[in-house]
Amino acid sequence: MAAEHIRQWQIGSVQVTRIVELFGLVDAPGNLFIDGSPEAVQRHAWLAPHHATDRGELLLSFQAFLVRSQGLNIMIDTCLGRHKTYEHAIFAQVQSQFLEDLESIDVPAAAVDRVLCTHLHADHVGWNTQWVGTQWQPTFPNATYLFDRGEWTHVQAQARASAEMPHHVSESVLPVMDAGLVQLVEPCYRITDEISLVPTPGHTPGHVSVHIESAGQRAVITGDVLHHPVQFAEPGWRTHFCNDHQQAQETRRKFMRTYQGRDTLVIGSHFAEPTAGWILRDGDAWRFTSE
Ligand SMILES: [Zn+2]
């Protein structure tokens, strides 16, 4: 992916820049959703052309956001990374220019001050580290990496239960721990006066979204509270990747009630171009618009 996919939003005095690693991936609904089908996607005509094809396939992106607030460069998630052990075949397609794209907006890796992972899944922690010589090293050597304390506890418990660390934890999480760069934070942690975390558990126990408020303007970066805009219309749809379906559904509905309307720009972590828009009430559920 390349610089041509970079997109920026201004929220008061906060600037958010999208860095894309996988752009507009076309995927069958069944690969993401337990409950989804092409026919069910096609019933929500507003999804085309940005978020679904005419045939009811999903469009998805894998991307991160560089947030500039009060003098800090804050990375929200770090995508898939390079040379990682990918669990899913589609990720092997990644030919990312992630660091080059960051440099093109005048943020070399050494200038990143904070890294916030919304949760510790493989597609949100990848560029935490890079392979240098014979080992994984922190990609952002001057950053404090912020992980939710409960999320880290959950990952450790999972690893104990299976007697094995998942590849993405040993490749992309433990090396930054070992380097002493991690700060474990509470779910409502405030990064600056303008940027705070919002607990949105369910996809994972310590999942957080990111609330931005500056000069009377508001935005929220979703993380994986939902994966695709079809879930505005179908908040009950379960994915194959959520930890607690019941909690994920409740969190999604609460998220939509909280952020519906034109006061809050919603920036979707996996939403294809144009990625940001507004949640509008639509009957018993919602829909999403970028206009
Ligand atoms: Zn994800």
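Residues numbered from 1 in each chain as written. Predicted model: local features only at pLDDT ≥ 70, side-chain atom pairs only at ≥ 80, totals over all residues. Heavy atoms only, no water.

Moving on, we get to the coordination of the zinc ion. At the metal site, the zinc ion is ligated by Asp123 (OD), His124 (NE2), Asp224 (OD) and His270 (NE2), and these contacts range over 2.1 to 2.3 Å. Written as a sequence motif, the donor arrangement for the zinc ion is D-H-x99-D-x45-H. Of the two residues, Asp123 sits in helix H4 (residues 122-125) while His270 sits in the loop between strand S13 (261-267) and strand S14 (276-282), which places them 147 residues apart along the sequence. (Donors = N, O, S within 2.8 Å, 3.2 Å for Na, K, Ca; no water. Helix = DSSP H or I, 4+ residues; strand = E, 2+ residues; numbered from the N terminus.)

Enumeration according to the criterion identifies two cavities of 30 Å³ or more in this entry. Considered as a void within the structure, the largest cavity measures approximately 70 Å³ in volume. Of the residues assigned to the lining of the largest cavity, the class counts are four nonpolar, five polar and three charged. Here the second largest cavity defines a volume of roughly 50 Å³. What lines the second largest cavity is simply Thr200, Pro201, His203, Asp224, Val225, Leu226, His227, Cys242, Ala248, Thr251 and Arg252. A per-class count over the lining of the second largest cavity returns five nonpolar, four polar and two charged. (1 Å grid on protein atoms, 1.4 Å probe; cavity = no way out; pocket = protein on both sides within 12 Å on 5 of 7 lines; lining within 4 Å. Points joined across faces, edges and corners; volume = space filled by probe spheres on them. Nonpolar A, V, L, I, M, F, W, Y, C, P; charged D, E, K, R; others polar.)

Let us now look at the sheet that holds strand S10 (residues 195-199). Taken together, six strands build an open sheet; the order of strands is S10-S11-S12-S13-S14-S15 and the sheet is mixed. Each edge of the sheet is formed by a strand with only one pairing partner; in this case those strands are S10 and strand S15 (285-289). Pairs of neighbouring strands in the sheet enclose a mean axial angle of 35°, with direction left out of account. For S10 and strand S11 (residues 208-214), the ladder comprises five bridges, and the chain directions are antiparallel. Residue Leu197 lies in a different strand from S11, and its bridge partner there is Val210. Against the sheet, helix H9 (residues 245-259) engages S10, S11, strand S12 (217-221), S13, S14 and S15, with an angle of about 130° to S13. (Pairing = 2+ DSSP bridges. Axes fitted to C-alpha atoms, helices over the stretch in contact; angles between N-to-C directions. Contact = heavy atoms within 4.5 Å.)

A cluster of basic side chains, namely Arg253, Lys254, Arg257 and Arg281, defines a positive patch on the protein surface. Here the element with the most residues in the positive patch is H9; it accounts for three residues. Summarising the element assignment, Arg253 is placed in helix H9. (Patch = residues over 30% accessible without salt bridge, like charges linked within 9 Å, V, L, I, M, F, W, Y side chains within 5 Å. Areas by Shrake-Rupley, 256 points an atom, 1.4 Å probe, with all protein chains shown as cover. Salt bridge = Lys/Arg side-chain N within 4 Å of Asp/Glu carboxyl O. Lys, Arg positive; Asp, Glu negative; His and termini not counted. Charge placed at Lys NZ, Arg CZ, Asp CG, Glu CD.)

In this section: the side chain of Thr275. As for its position among the elements, Thr275 is in the loop between S13 and S14. A polar side-chain atom of Thr275 sits 2.7 Å from a polar atom in the side chain of Arg18. From its side chain, Thr275 meets the backbone oxygen of Phe271 in a polar contact 3.0 Å long. (Polar contact = N/O pair within 3.5 Å; in protein donor to acceptor, adjacent residues only side chain to side chain.)

Function cannot be inferred from these measures alone, as they are strictly geometric.
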